[in-house]
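The residues making up each chain are set out below.
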Amino acid sequence: MRVVATERPSPSHASGVGPSLSRNAGEGLYFAECPILPIESDPRSDDLVQPFQIDPFALRGRLVRLGPTVDRILSQHDYPEPVAAILGEAIVLAVLLAGALKYDGIFTLQTKSDGPVRLIVADVSTEGAVRGYAQYDRDRLDQVSAQAGSSPSVPELIGSGYIAFTVDQGEHTERYQGIVELIGATLAECAQHYFRQSEQIQAGIKLSVARSGDNGAWRGGGLMLQRVPPEGGYTVIADDVEDGWRRAMVLMSSATPAELVDPELSPHRLLFRLFHDEGVRVYPTHPIEARCRCSSERIGRILRSFPADDIEELRKDKVISVTCEFCNTRYEFAGEDFAPLASA
Ligand SMILES: [Zn+2]
């Protein structure tokens, strides 16, 4: 079967004549089975957010696919496997959630807790630059791995604590923060709990992170569906809307963890496989890349804001070295004015 992206067929040309990849402003693209253009014409299938919508139930969704981006971030650190995997999930989740927001700045996901992995941070800029890191306790992690095996649950790995979502749009703007207790066996469940509690919107989330290929590169994938009542109300009756939501959730949960990260399964093809009966419309994708925002200027500025005594504690052989926790880049500074020496 070949599949194409085409404009929504109207009744007058429902025979599928004239499919194209062009789109009307704000109208998105519709999938339809049609034998003319192969769907693989989408040139980018990794490191992106693919927004979509399922009509007529006004369900908005996003599919996230991360290849080199998540591999690069996780490879910058030498984390034990379960820590890398949970950080990878947090990165996919951050990209999924950031894609739902209109903001100009930085979206940050953070967990803080009493388990072996005590801190996870992942942030996403409006331009799609992503970074992340985790802090963990090796001994406690080894204990958990011995008991829980290769995929420990959130309570085992992260423990009790909270998950916070922050939008920072720079100086002179109000910072938005949502925060909720970590409740759920997986990060996806914790995020769904957040939406129920804090935002009172229904959302379904699926996350998957795995190593793939001969080189064992990390890949990540995620799906999120949320219910957004359309302006002017639904065009179908309430029972149908409920049924549509339930059905879409069942279809979404039928996506396997392997499908979410499969490099051979393009984003369009995966969405078509899941939702073709409902009519899924895709919008232009947003690119994502691994990029840290650290620089010697930035770290020098932070150092200059520290009390002198703290700085002297950092000084070793007249050199202060600072390693960026996000990307592991080391910066060295000398003298009283923190002249940058080098970054290694
Ligand atoms: Zn950095």
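The structure contained in this document is the topic of the report that follows.

How each quantity is defined
- Residues numbered from 1 in each chain as written.
- Predicted model: local features only at pLDDT ≥ 70, side-chain atom pairs only at ≥ 80, totals over all residues.
- Heavy atoms only, no water.
- Donors = N, O, S within 2.8 Å, 3.2 Å for Na, K, Ca; no water.
- Tetrahedral: all angles 85-135°; square planar, octahedral: opposite > 155°, others 65-115°.
- Buried < 20%, exposed > 50% of the residue type's maximum accessible area, 1.4 Å probe, protein only.
- Helix = DSSP H or I, 4+ residues; strand = E, 2+ residues; numbered from the N terminus.
- Polar contact = N/O pair within 3.5 Å; in protein donor to acceptor, adjacent residues only side chain to side chain.
- Phe/Tyr/Trp six-rings, centres within 6.5 Å; stacked < 30°, edge-to-face > 60°.
- Pairing = 2+ DSSP bridges.
- Contact = heavy atoms within 4.5 Å.
- Axes fitted to C-alpha atoms, helices over the stretch in contact; angles between N-to-C directions.

Take the coordination of the zinc ion next. Here the zinc ion is held by the protein donor atoms Cys292 (SG), Cys294 (SG), Cys324 (SG) and Cys327 (SG), which lie 2.3 Å from it. Geometry at the zinc ion is tetrahedral, judged from the 4 donor atoms that bind it and their angles of 101 to 116° at the metal. Mapped onto the sequence, the residues coordinating the zinc ion show the spacing C-x1-C-x29-C-x2-C. According to the relative accessible area criterion, Cys292 is partly exposed, its value standing at 22%. Assessed through its relative accessible area of 19%, Cys294 is described here as buried.

Attention now moves to the side chain of Arg281. Within the secondary structure, Arg281 sits in strand β12 (residues 280-282). Relative accessible area serves as the criterion here: at 9%, Arg281 is assigned to the buried category. One polar contact links Arg281 to Tyr283, side chain to side chain, over a distance of 3.4 Å.

Here we take up the packing of aromatic side chains. Under the counting rule described, the total for this entry stands at 6 aromatic pairs. An angle of 85° between the planes, with centres 6.0 Å apart, marks the rings of Tyr79 and Tyr136 as edge-to-face. Highlighted residues: Tyr79 in the loop between α1 (68-75) and α2 (81-98) and Tyr136 in strand β7 (residues 129-136), separated in sequence by 57 residues. A residue is classified by how much of its surface remains accessible, and Tyr79, at 13% relative accessible area, is buried. Ring centres of Phe165 and Tyr194 lie 4.5 Å apart, and the angle between their planes is 65°; on these two criteria the pair is classed as edge-to-face. Within this pair, whereas Phe165 is found in strand β8 (residues 161-168), its partner Tyr194 is found in helix α5 (residues 187-199), the two being separated by 29 residues in sequence. The class of Tyr194 is buried, set by a relative accessible area of 3%.

Here the focus is the sheet that holds strand β9 (residues 176-181). Pairing in this open sheet of 6 strands is mixed, and the strands run β9-β8-β5-β6-β7-β14 from one edge to the other. Bordering the open sheet on either side are β9 and β14 (289-290), each of which pairs with just one other strand. Sheet topology note: the strand β6 (residues 117-125)/β7 ladder contains 7 bridges and is antiparallel. Each bridged residue has a counterpart across the sheet, and for Ala122 the counterpart in β7 is Gly132. Along the sheet, α2 contacts β5 (106-113), β6, β7 and β8; its crossing angle with β6, the most-contacted strand, is approximately 35°.

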